[in-house]
Amino acid sequence: MSAVNEELAIERIIDAPRAAVWRAMTDHIIEWWCPRPWSTRIVALDWRSGGRFSLAMHGPDGEVHGGDGMLLEVVPGERIVFTNALGEGWVPQAAQPVAIVGMFTLADAPDGRTAYRASARHWSAADMNAHDAMGFAAGWGVCAEQLGEVARRVAETADA
């Protein structure tokens, strides 16, 4: 099976230039990474190919969910590819909640806007279906809207 067959994705047009969206994605990640009222705390974040990411998501009732893995590819202004199946030093790890290769891509859109695509590729249809049932579209969609808000602010204020 092709990994693309086991892909969940959302696409949005963000009303901000690509440079502002990139800055929002990388410099303001705690403002958009998880749906409000949840919040994000950076444990480790090394914005380079092979760099570690570890983000802790905190819920309003004290819940904490971690996200830990590796950045596989970072192409400034264009793409971030990551996985939760590998930890620091390229060591395989038990991925939570399911193993994915995630990808955020940016492209120019008409009128100075940005085409944004977020996807999660899965090892199996069962993992993809489980991720979908967890609310992939709604959760990642809300995060895309929050990213858009931050990107518009960054564009308007040259970084707030």
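Quick look at the structure, then. (Residues numbered from 1 in each chain as written. Predicted model: local features only at pLDDT ≥ 70, side-chain atom pairs only at ≥ 80, totals over all residues. Heavy atoms only, no water.)

Here we look at unusual backbone geometry
Cis rather than trans, the peptide bond between R36 and P37 has omega equal to 15°. Turning to its location among the elements, P37 is positioned in the loop between helix 1 (18-27) and strand 2 (39-45). Cis geometry marks the peptide bond from Q96 to P97; its omega dihedral reads -5°. Tracing the backbone through its elements, the reader meets P97 in the loop between strand 7 (91-92) and strand 8 (100-109). A positive phi angle, close to 65°, is found at W90, a residue other than glycine. With respect to the helices and strands, the residue W90 is situated in the loop between strand 6 (86-87) and strand 7. (Helix = DSSP H or I, 4+ residues; strand = E, 2+ residues; numbered from the N terminus.)

Let's talk about the pattern of salt bridges
Evaluation of the coordinates by the stated rule reveals 11 salt bridges. R117 is the partner of E7 in a salt bridge, and the nearest nitrogen-oxygen pair spans 2.9 Å. A residue pair is termed long-range when its members are at least 10 positions apart, and E7 in strand 1 (residues 7-14) and R117 in strand 9 (residues 113-122) qualify at 110 residues. D108 is the partner of R18 in a salt bridge, and the nearest nitrogen-oxygen pair spans 3.1 Å. Taken together, the residues span a long stretch of sequence, with R18 in helix 1 and D108 in strand 8 at a distance of 90 residues. Several salt bridges converge on common partners, so that one network encompasses E7, E11, R117 and R121. (Salt bridge = Lys/Arg side-chain N within 4 Å of Asp/Glu carboxyl O.)

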